[in-house]
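Chain residues, written in single-letter form:
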There are 2 protein chains.
Amino acid sequence: MRLLIVEDTADVAEAASASLGRAGFACDVAPTLADARACAGLTDYGVVILDLNLPDGSGRDFLRERRRAGDRTPVLVLTAQSAVEDRVGALDEGADDYLVKPFDLRELEARVRALTRREAGRAENRVTLAGLDFDPAAQSLRVNGATVSATRRELALLNLLVANRGRIMPKDRLFDGLFGFENADVGDNAVELYVARLRKKLSGSGVAIETHRGLGYRLEVAGDG
Amino acid sequence: MRLLIVEDTADVAEAASASLGRAGFACDVAPTLADARACAGLTDYGVVILDLNLPDGSGRDFLRERRRAGDRTPVLVLTAQSAVEDRVGALDEGADDYLVKPFDLRELEARVRALTRREAGRAENRVTLAGLDFDPAAQSLRVNGATVSATRRELALLNLLVANRGRIMPKDRLFDGLFGFENADVGDNAVELYVARLRKKLSGSGVAIETHRGLGYRLEVAGDG
DNA sequence: GCGGCGATGACAGCTTGGTGACAGCTTCGC
DNA sequence: GCGAAGCTGTCACCAAGCTGTCATCGCCGC
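Residues numbered from 1 in each chain as written. Chains lettered and ligands numbered in written order. Predicted model: local features only at pLDDT ≥ 70, side-chain atom pairs only at ≥ 80, totals over all residues. Heavy atoms only, no water.

Named according to an unreviewed UniProt entry, chain A is Two-component system, OmpR family, response regulator TctD originating from Limimaricola pyoseonensis.

Structure (structure tokens):
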């Protein structure tokens, strides 16, 4: 899952990016409205984290633009304690949640997760498919009851595949979800590599990553057509 | 389905062509207005993707010409962020949709799909005919409930036949849709080959590809006249 | 019955994906 | 700080399967 962090204060953006990155999200940072627009034009995000107070205008303008353009990506607004008015206004304009600065990184992570969860239409975080038991929040993965350790990227990939199970996911889309812009120079077969590693860990779970040559990958649950 | 991409920036054209190619469209690229005119004269396209800013003139001229000539092929216009006037003008002149550069390839794909869908008069992407269940977006094909894997070309062919079901599709039209100009050296019976392969996969579905000697092929749904 | 179009099985080339080994980097414990 | 462990991504080589050609056979229409 890929996030856009629209925030001009470098250390806040960095901290959020690092924390969410550890949580398995690929983060792009946009320090200005202009950057945010450029990013939004280039790819789809799972969640946008939007500071309202930006050097070249208000984040509310950006939010309004996106909603007018029919974009329903969940937006989490960051505001100063005092800016009650802005906060309410942003919610009216289609923001999904807000967080008052300064905030705790763990709370940010929890809220982002809640938004992605809501998006996926799942009431719970935890996903159980055949012998696979996956909790993205706890980053925990169990195969046939046994805990399996997986790396950040592996979990991110699993997340993408689980969210789109039954559908063929083109490789470039998985690539987009796994790596942000800053990792754009990663080789072509990085996705294949992680698919291979994930497959090993999922083997025997009844859940398989099918290859569809020239099309992409699909998560298939045994006995689920 | 065959697309014409009128775009002079080589890497943009290439990326779009690759992405849409993966999505099952055969793409021809025209870097100039002159090329675009030549292509339009040679074959019919399902959608034209038209950059307005071209080395030998404005894409708007091309659009106007085509519309005057009675050509109603859906046109998706590409414009720069700033060129609001051009965008509005193009819509007035009969463009069906526009996309601001830089754009996300997935958004392009989605819009192209929307245009082809609109053309076919279908509200939904997913098609269910007798025992056949086909979702071009997910590249998923089910026959009598069972998932059947198909290759890119097979899916492209099915797409063409489904979009024109009940109508006889001349072989050269299918050929055009399956292969762009760059594959013009492909043998004559390539279409027959893919028809045969697709037939095998569709057998028992209640949907059949009829041969009409000297005329072409038609997708027929059992008990559906 | 003949001519020609279409069907189909076999095959080879080539693109695409799989995988093991390895090196750099980060992270974490001490 | 230092060192170790493990995560990451690259490379090279191998395997798989998609693709399109060819040849042969069947079949339809005339």
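**Q** Explain the protein's contact with DNA strand D to me, please; I cannot follow it from the model alone.
**A** In the region of DNA strand D, 24 residues are neighbours, and Thr151(A), Arg153(A), Thr151(B), Arg153(B) and Gly187(B) sit closest. Of what DNA strand D places within 4 Å of the protein, 58% of the atoms are sugar or phosphate. Take Asp185(B): an N or O atom from its main chain is 3.3 Å from a phosphate oxygen of DNA strand D. At 3.1 Å, a side-chain N or O of Arg213(B) approaches a base nitrogen of DNA strand D. Secondary-structure elements contributing two or more residues to the surface near DNA strand D are helix 6 (152-163) and helix 8 (190-202) of chain A together with helix 6 (152-163) and helix 8 (190-202) of chain B. Residue composition of the surface near DNA strand D, by class: eight nonpolar, six polar and 10 charged. (Near = heavy atom within 4 Å. Polar contact = N/O pair within 3.5 Å; in protein donor to acceptor, adjacent residues only side chain to side chain. Helix = DSSP H or I, 4+ residues; strand = E, 2+ residues; numbered from the N terminus. Nonpolar A, V, L, I, M, F, W, Y, C, P; charged D, E, K, R; others polar.)

**Q** I'm lost on the packing of helix 2 (residues 33-42) of chain B against helix 3 (residues 59-68) of chain B in this one. Help?
**A** When two helices pack together, their arrangement is given by the angle between the helix axes and the distance between those axes. Residue and element names in this part refer to chain B. Between helix 2 and helix 3, the least distance of the axes is 10 Å, while the angle of their chain directions is 25 degrees. Relative to helix 3, the element helix 2 is oriented roughly parallel. Handedness of the crossing formed by helix 2 with helix 3: right-handed. Seen from helix 2, the contacting residues are Leu 33, Ala 36, Arg 37 and Ala 40; seen from helix 3, they are Gly 59, Phe 62, Glu 65 and Arg 66. For the contact of helix 2 with helix 3, the per-class residue count stands at four nonpolar, one polar and three charged. (Axes fitted to C-alpha atoms, helices over the stretch in contact; angles between N-to-C directions. Parallel < 35°, antiparallel > 145°, perpendicular 65-115°, else oblique. Left-handed = near helix turned anticlockwise from the far one by under 90°. Contact = heavy atoms within 4.5 Å.)

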